[in-house]
Amino acid sequence: MFESNRCVIVVGSQWGDEGKGKVVDVLSESADLVVRYQGGANAGHTVVIGDEEFVLHQIPSGILHEGTGCVIGNGVVLDPETLVDEIDGLAGRGIVLGDRLSISDRAHLVMPYHKQLERAAEKKQRIGTTGRGIGPTYEDKTGRRGVRAGDLLNVEAVKSRLEERVDSVNKTLEVRGSDERATLDENLDLLNRATSRIGRYISDTGALTYRTIKAGKNVLLEGAQGAMLDVDHGTYPFVTSSNTTAGGATIGAGIGPTSVDAVLGVVKAYTTRVGNGPFPSEALDESGDRLQKLGGEFGATTGRPRRCGWFDAVVLRYAVRVNGITHLAVTKLDVLDTFKEIRVCTGYVLDGEELSELPSDSAKLESVEPVYETHRGWEAPTDGCRSVGELPDAARKYLRRIEELSESKIQYIGVGVRRDQMIDVG
Ligand code: GDP
Ligand code: IMO
Ligand code: MG
């Protein structure tokens, strides 16, 4: 994919956890730089190398390739404590960062009070967030009262701003009926600790990314979450607080849209969702339980069981449109290996009428009736397949149908967790 494309955006095409981490890891073999462009420690990107499993929350999934540089872009909301844990965890497993990590001076910081605000908010409006303070940090960013990574280089200068913010946060906590209170000391301590541990990684990463692309090198922009969790295009209000879609990638990486050559949409061969909100093709019967069990569907960040259901072509068609997806990576095909019958949702009916587009209103989406077609399962293992030709006929037919319904080309097929278990269609 890199032969003709130098800058590729990798996005989730469903509700997150599509296997972006694995896809980015595999593509990083030939990438010079991998940039995370939005979200924060709400993400959990799993990479399996041999018998070892790595779960990355903020550091890009390219870090497991020795020669690949990694950037935490300006669009990310960075949790310094989680990042230090992640750096130490990797060091403990022999992964040396050296000068490979760069953090944007424009990235906003998740402060302890953001998590307190989120806990108080979740008591009223249950979105089922990951509890990582993501929403309140983005609120402060757009409200122009945030603390940025660049501020770590002069903590003294933010002290009075922080004092004001702590006061106003405490008023909000009181109004929301929370017993928690923020303190200036705790928040200042966090900043000072962060300066000593991650201060040296902070720079203008947009300039680095631009220079790398200009030099003709390969750059991956790694998305977190998925299209249906995008704050504009997702199942609002049951979404995350950033633009997860490809449009957010260039904003969050600090480069322009003309630098991008391709958009790779990662999509599971079925569907999962963590947290609350509409999920038309959710399988609330025994097949949902089987998908959950066979797919090991537990959140990589919170450990919560993921809700499971059938492949939803309406969602993928929508994701193709809002992201401008040029290629697809279909993951976890192997999880369907033992199913006798596999269902695919091809449309929605609301009040007796077939909808041509995904409704923007979550209450409507909650009441749609999915229209299914049923495919014969292949009932044979695919985890050993290394080319399309080795896949069972029924599996190839299933994939062709996904291409037809989404009007996009499948470039990669995942048949297991390991690096070698990904077929490049060529
Ligand atoms: P991400 O958030 O999109 O990076 O995805 P997660 O890491 O949260 O969840 C995807 C899970 O599926 C992880 O446990 C991966 O190891 C696993 N996975 C990725 N691709 C495949 C695949 O093709 N087959 C199987 N069986 N598991 C996969
Ligand atoms: P990756 O990158 C799946 C979900 C949460 C909740 C909603 C809002 O691993 O695919 P937030 O904490 O972001 O305010 O929560 O979004 N969510 C994810 N679901 N994968 C993720 O990331 C997610 N990040 C957030 O469960 O429903
Ligand atoms: Mg995940």
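Being a predicted model, the structure only gives us computed values, none of them experimental.

(A) View of the overall build of the chain. The secondary structure content of the chain amounts to 12 helices and 20 strands. Computed over C-alpha atoms, the radius of gyration of the chain comes to 21 Å, within 12% of the 22 Å expected from 2.2 N^0.38 for 426 residues, which places it in the range of a compact globule. Expressed as lengths along the three principal axes of its C-alpha atoms, the size of the chain is roughly 65 × 50 × 40 Å. By residue count, 58% of the 426 residues in the chain fall in the buried class.

(B) The arrangement of the site of ligand 2 in detail. Near ligand 2 you find 20 residues, and of these D17, K20, H45, T130 and T240 are the closest. Take V274: an N or O atom from its main chain is 3.1 Å from an oxygen atom of ligand 2. Looking at the shell around ligand 2 residue by residue, the class counts come to 7 nonpolar, 10 polar and 3 charged.

(C) Examining the site of ligand 1 more closely. Around ligand 1 sit 19 residues in total, of which G19, K20, G21, T46 and D334 are the nearest. One of the backbone N or O atoms of G44 is found 2.9 Å from an oxygen atom in ligand 1. Considering ligand 1 on its own, with 590 Å² of exposed area, one finds that the protein chains cover 92% of that surface. Mapped onto the shell around ligand 1, the elements with two or more residues apiece are α1 (20–28) and β3 (45–49). A per-element tally of the shell around ligand 1 places α1 first, with 3 residues. Across the shell around ligand 1, the residue classes tally to 4 nonpolar, 8 polar and 7 charged. In this structure, the shell around ligand 1 is formed jointly by two domains, domain 1 (7–107 + 206–264) and domain 3 (266–424), each of which donates at least three residues.

(D) Main features of the side chain of N42. Mapped onto the fold, N42 is located in the loop between β2 (33–36) and β3. Look at N42 and you get buried, because its relative accessible area is 10%. A distance of 3.3 Å separates the side chain of N42 from the side chain of T240, its partner in a polar contact.

(E) Just the packing of aromatic side chains, in detail. Going through the model one piece at a time under the given rule, you end up with 3 aromatic pairs. Relative to F279, the ring of W15 has its centre 5.4 Å away and its plane inclined at 45°; by these criteria the two rings are tilted. Of this pair, W15 sits in the loop between β1 (7–12) and α1 while F279 is found in the loop between β12 (271–273) and α9 (286–294), placing the two residues 264 residues apart along the sequence. Judged by relative accessible area, F279 falls into the buried class, the value being 6%. Residues W378 and Y398 carry aromatic rings whose centres are separated by 5.8 Å and whose planes lie at 50° to one another, so their mutual orientation is tilted. Taken together, the residues span a long stretch of sequence, with W378 in the loop between β18 (369–376) and α12 (393–406) and Y398 in helix α12 at a distance of 20 residues.

(F) Main features of the coordination of the magnesium ion (ligand 3). For the magnesium ion (ligand 3), the full set of protein donor atoms is D17 (OD) and G44 (O), at a range of 2.1 to 2.2 Å. Of this pair, D17 sits in the loop between β1 and α1 while G44 sits in the loop between β2 and β3, and the two are 27 residues apart along the sequence.

(G) Quick peek at the packing of helix α10 (residues 313–323) against α12. Two numbers describe how α10 lies on α12: the axes approach to 9 Å, and their chain directions differ by 55°. What the angle tells us is that α10 and α12 run oblique. The interaxial crossing formed by α10 with α12 has right-handed handedness. From α10, A313, L316, R317 and V320 reach across to α12, where they touch I402, L405 and S406. Residue classes in the contact of α10 with α12 are distributed as 5 nonpolar, 1 polar and 1 charged.

(H) Structural view of the domain arrangement of the chain. Parsing the chain into structural domains produces domain 1 (7–107 + 206–264), domain 2 (108–198) and domain 3 (266–424). With 41 residues of domain 1 in contact, the opposing surface of domain 3 contributes 41 residues. Between domain 1 and domain 3, a total of about 3,200 Å² is buried, with carbon and sulfur atoms accounting for 60% of that surface. Among the residues of domain 1 in contact with domain 3, Q14, W15 and K22 are the three that bury the most area, contributing 21% of the side total. There are 2 salt bridges connecting domain 1 and domain 3. Ionic pairing is found between R306 and D17, a salt bridge with its closest N-O pair at 3.0 Å. Where domain 1 meets domain 3, there are 24 residue pairs in polar contact (both at pLDDT 80 or more). Secondary-structure elements contributing two or more residues to the side of domain 1 that touches domain 3 are β1, α1, β3 and β11 (262–268). For the side of domain 1 that touches domain 3, the leading source of residues is α1, giving 6 residues.

(I) Seen up close, the pairing of strand β19 (residues 409–414). β19 sits mainly inside the fold: 5 of its 6 residues count as buried. Looking at chain direction, strand β15 (residues 327–331) and β19 are connected through 4 bridges and run parallel. When the sheet's bridge partners are listed, H327 is paired in β19 with K409. As defined by bridge partners, β19 adjoins strand β20 (residues 422–424) across 3 bridges and the pair is classed as antiparallel.

Cut-offs and rules
Residues numbered from 1 in each chain as written. Chains lettered and ligands numbered in written order. Predicted model: local features only at pLDDT ≥ 70, side-chain atom pairs only at ≥ 80, totals over all residues. Heavy atoms only, no water. Helix = DSSP H or I, 4+ residues; strand = E, 2+ residues; numbered from the N terminus. Rg over C-alpha atoms; globule rule 2.2 N^0.38 Å. Buried < 20%, exposed > 50% of the residue type's maximum accessible area, 1.4 Å probe, protein only. Near = heavy atom within 4 Å. Polar contact = N/O pair within 3.5 Å; in protein donor to acceptor, adjacent residues only side chain to side chain. Nonpolar A, V, L, I, M, F, W, Y, C, P; charged D, E, K, R; others polar. Areas by Shrake-Rupley, 256 points an atom, 1.4 Å probe, with all protein chains shown as cover. Domains from an automatic or database assignment. Phe/Tyr/Trp six-rings, centres within 6.5 Å; stacked < 30°, edge-to-face > 60°. Donors = N, O, S within 2.8 Å, 3.2 Å for Na, K, Ca; no water. Axes fitted to C-alpha atoms, helices over the stretch in contact; angles between N-to-C directions. Parallel < 35°, antiparallel > 145°, perpendicular 65-115°, else oblique. Left-handed = near helix turned anticlockwise from the far one by under 90°. Contact = heavy atoms within 4.5 Å. Buried area = accessible area lost by both parts, 1.4 Å probe. Salt bridge = Lys/Arg side-chain N within 4 Å of Asp/Glu carboxyl O. Pairing = 2+ DSSP bridges.

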